[in-house]
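Remarks on the overall topology
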Amino acid sequence: MLKGIPVSSGIAIAPVVILAHDAPAAPAVTAQGAPADTSKELELLARSVEQSREQLEKLREQTEEQLGAEKAAILSAHIAFLEDPAFVGEMTSLIENRQVAAAAAVQQVSDQFVALFESMDDAYMKERADDIRDVSRRLIRNLSGTGQEAVFPEEPFILAAWDVTPSETLQLPLAFVRGIVTAKGGATSHAAILARSLGIPAVMGAGEQLLEKVAAGSLLILDGATGELIAAPDAKTLARYEEKAAKEAAERAAYAVLKELPAETIDGHRVHLMANMAVPEEAAALVASGVEGIGLFRSEFLFMDRSTLPDEEEQFAAYKQVATAFGEKPVIIRTLDVGGDKHLPALELPQEDNPFLGFRAMRISLARPELFLVQLRALLRASAFGRLLIMFPMISHLEQLRQAKQLLEQAKAELREKGIAFDEQIAVGMMMEIPGACLQADAFAKEVDFFSIGTNDLVQYTLAVYRMNANVASLYSYYHPAVLRLISHVIEASHRAGIWTGLCGEMAGDSLATELLLGLGLDEFSGAASVMPKVKERIRATSMEKAKRLAEYALTLSTVEEVVQFLRDKTE
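Position labels on residues start from 1 in each chain and follow its written sequence. In keeping with the model being predicted, local features are shown solely for residues with a pLDDT of at least 70 and side-chain atom pairs are shown and tallied solely at 80 or more, while totals for entire chains, interfaces and linings include all residues. To get the side-chain values, all heavy atoms of the structure are used, and hydrogens and water are removed first.

Only DSSP runs of H or I reaching four residues or more are called helices, and only runs of E reaching two or more are called strands; each is numbered from the N terminus. The secondary structure content of the protein chain amounts to 24 helices and 16 strands. Any two residues whose heavy atoms approach within 4.5 Å at even a single point are treated as in contact. The contacts in the protein chain between residues at least 6 apart in sequence include a share of 67% that link residues at least 24 apart. Note on areas: Shrake-Rupley with a 1.4 Å probe; residue coverage comes only from the protein chains shown. Here the protein chain has roughly 24,300 Å² of accessible surface; of this, 52% comes from carbon and sulfur atoms.

Let's shift gears to the nonpolar core. Residues enter a nonpolar core if they are buried and are Ala, Val, Leu, Ile, Met, Phe, Trp, Tyr or Cys, with the set joined through side-chain atoms within 4.5 Å. Each residue's exposure class comes from its accessible area (1.4 Å probe, protein chains only) as a fraction of the maximum for that residue type: buried when under 20%, exposed when over 50%, partly exposed otherwise. Grouped together as the largest cluster of nonpolar side chains are 104 residues, with contacts concentrated most on F392, F451, I487 and F525. When residues of this core are assigned to their parent elements, the largest contribution, 8 residues, is made by helix α15 (residues 369-382). Those residues in contact with F392, other than ones at most four positions away along the chain, are T335, M362, F372, L376, L401, A404, K405, V428, G429, M430 and M431. V49, A104, A105 and V109 belong to the second-largest nonpolar core, a separate cluster that totals 33 residues.

Moving on: the sheet that holds strand β14 (residues 450-453). The pairing criterion is simple: DSSP has to find at least two bridges between the two strands. Pairing is parallel around the closed barrel formed by 8 strands, whose spatial order is β9-β10-β11-β12-β13-β14-β15-β16. Taken over all neighbouring pairs, the strand axes of this sheet differ in orientation by 25 degrees on average, direction set aside. Every axis corresponds to a line fitted to the C-alpha atoms, with the helix fit spanning only the stretch in contact, and the corresponding angles, defined between N-to-C directions, vary from 0 to 180 degrees.

Time to look at the side chain of Q375. Topologically, Q375 is positioned in helix α15. Of note is the side chain of Q375, whose polar atom sits 3.0 Å from the backbone nitrogen of L336. Apart from residues lying up to four places away in sequence, Q375 is in contact with S299, F303, Q315, Y319, R334, T335 and L336. What qualifies as a polar contact is a pair of N or O atoms within 3.5 Å, subject to a donor-acceptor requirement within protein and to the restriction that residues adjacent in sequence count only when both atoms come from side chains.

Sheet architecture is open: 8 strands sit in the order β1-β8-β7-β3-β4-β5-β6-β2, paired in mixed fashion. At either end of the open sheet lies a strand with only one pairing partner, and these are β1 (2-3) and β2 (5-8). By the bridge criterion, 2 bridges tie strand β5 (residues 177-182) to strand β6 (residues 202-204) in an arrangement that is parallel. By the bridge assignment, V181 is partnered in β6 with V203. Lying on the sheet, helix α10 (residues 235-258) is in contact with β3 (11-19), β7 (219-223) and β8 (228-231); it crosses β3 at an angle near 110 degrees.

Okay, helix α19 (residues 455-463) next. By the criterion of burial, α19 is predominantly enclosed, with 7 of the 9 residues buried. Every buried residue of α19 is listed here: T455, D457, L458, V459, Q460, Y461 and L463. Where α19 is buried, its residues touch β13 (427-432), α17 (435-439), β14, α20 (481-496) and β15 (500-503). Remark: A464 follows α19 within two positions and exhibits a positive phi of approximately 55 degrees.

Each residue carries a pLDDT score, the predictor's own confidence in it, on a scale running from 0 to 100. Put simply, the protein chain has an average pLDDT of 87, and 89% of its residues get 70 or more. pLDDT under 50 marks residues 22-33. Its contacts with residues more than four places away, or in other chains, come to 18 contacts.

Next up on the list: the packing of aromatic side chains. For Phe, Tyr and Trp, where Trp contributes only its six-membered ring, two rings pair if their centres lie within 6.5 Å, and the inter-plane angle classes them as stacked under 30 degrees, edge-to-face over 60, or tilted in between. With the rule as written, the count across this model stands at 9 aromatic pairs. Each ring, one from F152 and one from F157, has its centre 5.8 Å from the other, and the planes form 5 degrees; the classification is stacked. The exposure class assigned to F157 is buried, which follows from its relative accessible area of 1%. Sitting above the plane of the F385 ring, K320 keeps its charged end 4.4 Å from the centroid. The rule for a charge over a ring is simple: NZ of Lys or CZ of Arg within 6 Å of the ring centre, and within 35 degrees of the ring normal. Over the aromatic face of F316 sits the side chain of R381, whose NZ or CZ is 4.1 Å from the ring centroid.

For the rest of this paragraph, the subject is the pattern of salt bridges. Between Lys or Arg on one side and Asp or Glu on the other, a salt bridge is scored when a side-chain nitrogen of the former is within 4 Å of a carboxyl oxygen of the latter. Across all of its chains, the model carries 23 salt bridges by this definition. A salt bridge links E312 to R377, with the nearest nitrogen and oxygen atoms 2.8 Å apart. Of this pair, E312 sits in helix α13 (residues 312-326) while R377 is found in helix α15, placing the two residues 65 residues apart along the sequence. Note that E447 is salt-bridged to R402, the shortest N-O span being 2.7 Å. Here the residue E447 occupies a position in the loop between α18 (441-445) and β14, and R402 occupies one in helix α16 (residues 398-418), the gap between them amounting to 45 residues.

Put into C-alpha cells, the structure is as follows:
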C-alpha cells in the first residue's frame, strides 16, 4: 500500500490512466553545438506565447461556461504569466544575450521561478510552482509542435501522474474521472483546490515510487480522506472498500438533506457553521456546499503568489468576487497575516531567529500603515457588494487594536471624501490566538463586534510547541486543559459584553470536539467545508443541556488523555 497527502475526500475505485509529460526540454544551444539563430528563436518564442495565450483563453472561456468564473480565474492568472515581463521578458533576454534556443530559455526561466517558489517554507507558496510548470509546459509543447491536449478515455478511470497542472485538471472529463493521484503536490495547490471543488477524490504527494508501483490499466483504490492507495487489490480488500464507498455515498446523500437544515440542537439552540477559504476560486464550491458563510478568508494568499504587492484595485476585485458570491451570507476577511512561516517575496521582512514571536501579522500592518490602508480601503469598497466583516490577526495589546481601528476610520474618511460607497456599519473583530489577549478578553470585548479563536496558533503559544517540529509535535493538542480553559474564558467574556465568538482553527472541524465547544458556548464553527456536515450532524443529535454538562466536566480534567478519552466515551 502507498500513502500520500489526502487533498479531496472520497473513495475511488477504477483502472489507472497515466498522464505522461514531455521530458525537460532543450539544450542551451542548437543540436550542432553552435549558438542558436537569435531572430529565429525570438520568433518561435513569440509564436509559442501567442499560441499558448489563445489556447488558455479558449480553455478559460470553456471553463467559465461549464464551471463558472471562479474556476476560470485560475486560467486568467496563467494568461497573466504570459504577459509578465519578469517571466517572458527573461526568456527573451536569454535568447538575445546568450543565444540559447527558445525551448531552453523557457526551461531555464521556468526552473528559476520554480526553484524560487519551492525554496519557500510556506506550503501554499511552494505549490505555486505548479502554476509556473503549467504555463512553461504549454510553451514548450507549442515550441516543439506537440501542442495537442491530452486525450482521456470515455470510461471510468483514476488519473495517475508525476504531477497535474490546473489546466490539465480542468480538462478532465467529469463523467469518467473517478480520482486523481500524483507523485508530487499537496493540499493547497490549485489542482488540489480544483479537485475539491469539482468533487473528485484526490491524493497528492505520494512520492517517486508511485509511477513505479502503479501500472496503466491496473485497478487502483484511492482513499481521498486518508491518503491511502492500494494497487491491484485482492478480492477481500476490494469488497471492503466497495462497502466503504457505498457507505460514503449514503452519508453524502444524508448530508445533502442536512445541507438545507439549520445547525440547531434538539432543544432549539442555534449556532452557525462556516467555512475557511484561501483563494477566491473556492467561492462557488463553498457556496454550493451549503455553509452559512466564510468564517476565515486568508487574505494573505492574494499577496504571496507574486513578486509585487497587489494594489487597491486588484484587492478590491478579489474581495468583491467573494462578497458577491455569498450575497447576504457573512464573509469574514482576515487582514494580512504574514511573517512566521509565511514569507512575502514582495515585502522585505527581516530575518529573525524566532519569527513566530517576531515581526508578523498586525505588527507588520501597523508598522506599514501605507500598506494597511490600501487593504482597508479595498475591503471597505467590497463591503458595498455583500456582507463583509473585517478581522485583525495577532493582536496582543489593546493599543494595537485601537491603532488598527483608527486606521480603519481613516480609510473610511478617505472613501467618504471621494464619494465611494461602503458599509458604514461594517463589523470589526479580532483573532484570539495569543494567551495574553485571551486572558484580557473582557477589555478587548468592549472594543470589537466579535472574537474568532484561532486554535492553531493559540495551542502553539500556550504550550510552546511548534506542531511542524517532529520532535515535539506529540505535545501539540487543542484538548490540553489549559487551552480549553482559555477558550472558555474568551467565550464567557464575549457573552458578558454582548458579542459573539467563533472558532476558525482545525478544532472547529473536529467532530469529536463539537459537543464540547457547543457546551462551552461557541457561537460559530468555521473549518474545511468537507468536514462541516459531520459537525452539523453532531450538533443536531445533541441537546444544549447535555453539551453544557459535558463541557463542565471536561474542564475539571487534568490531561489531554483524560479529555480525549472522556469525549470518546460520551460522544462516539
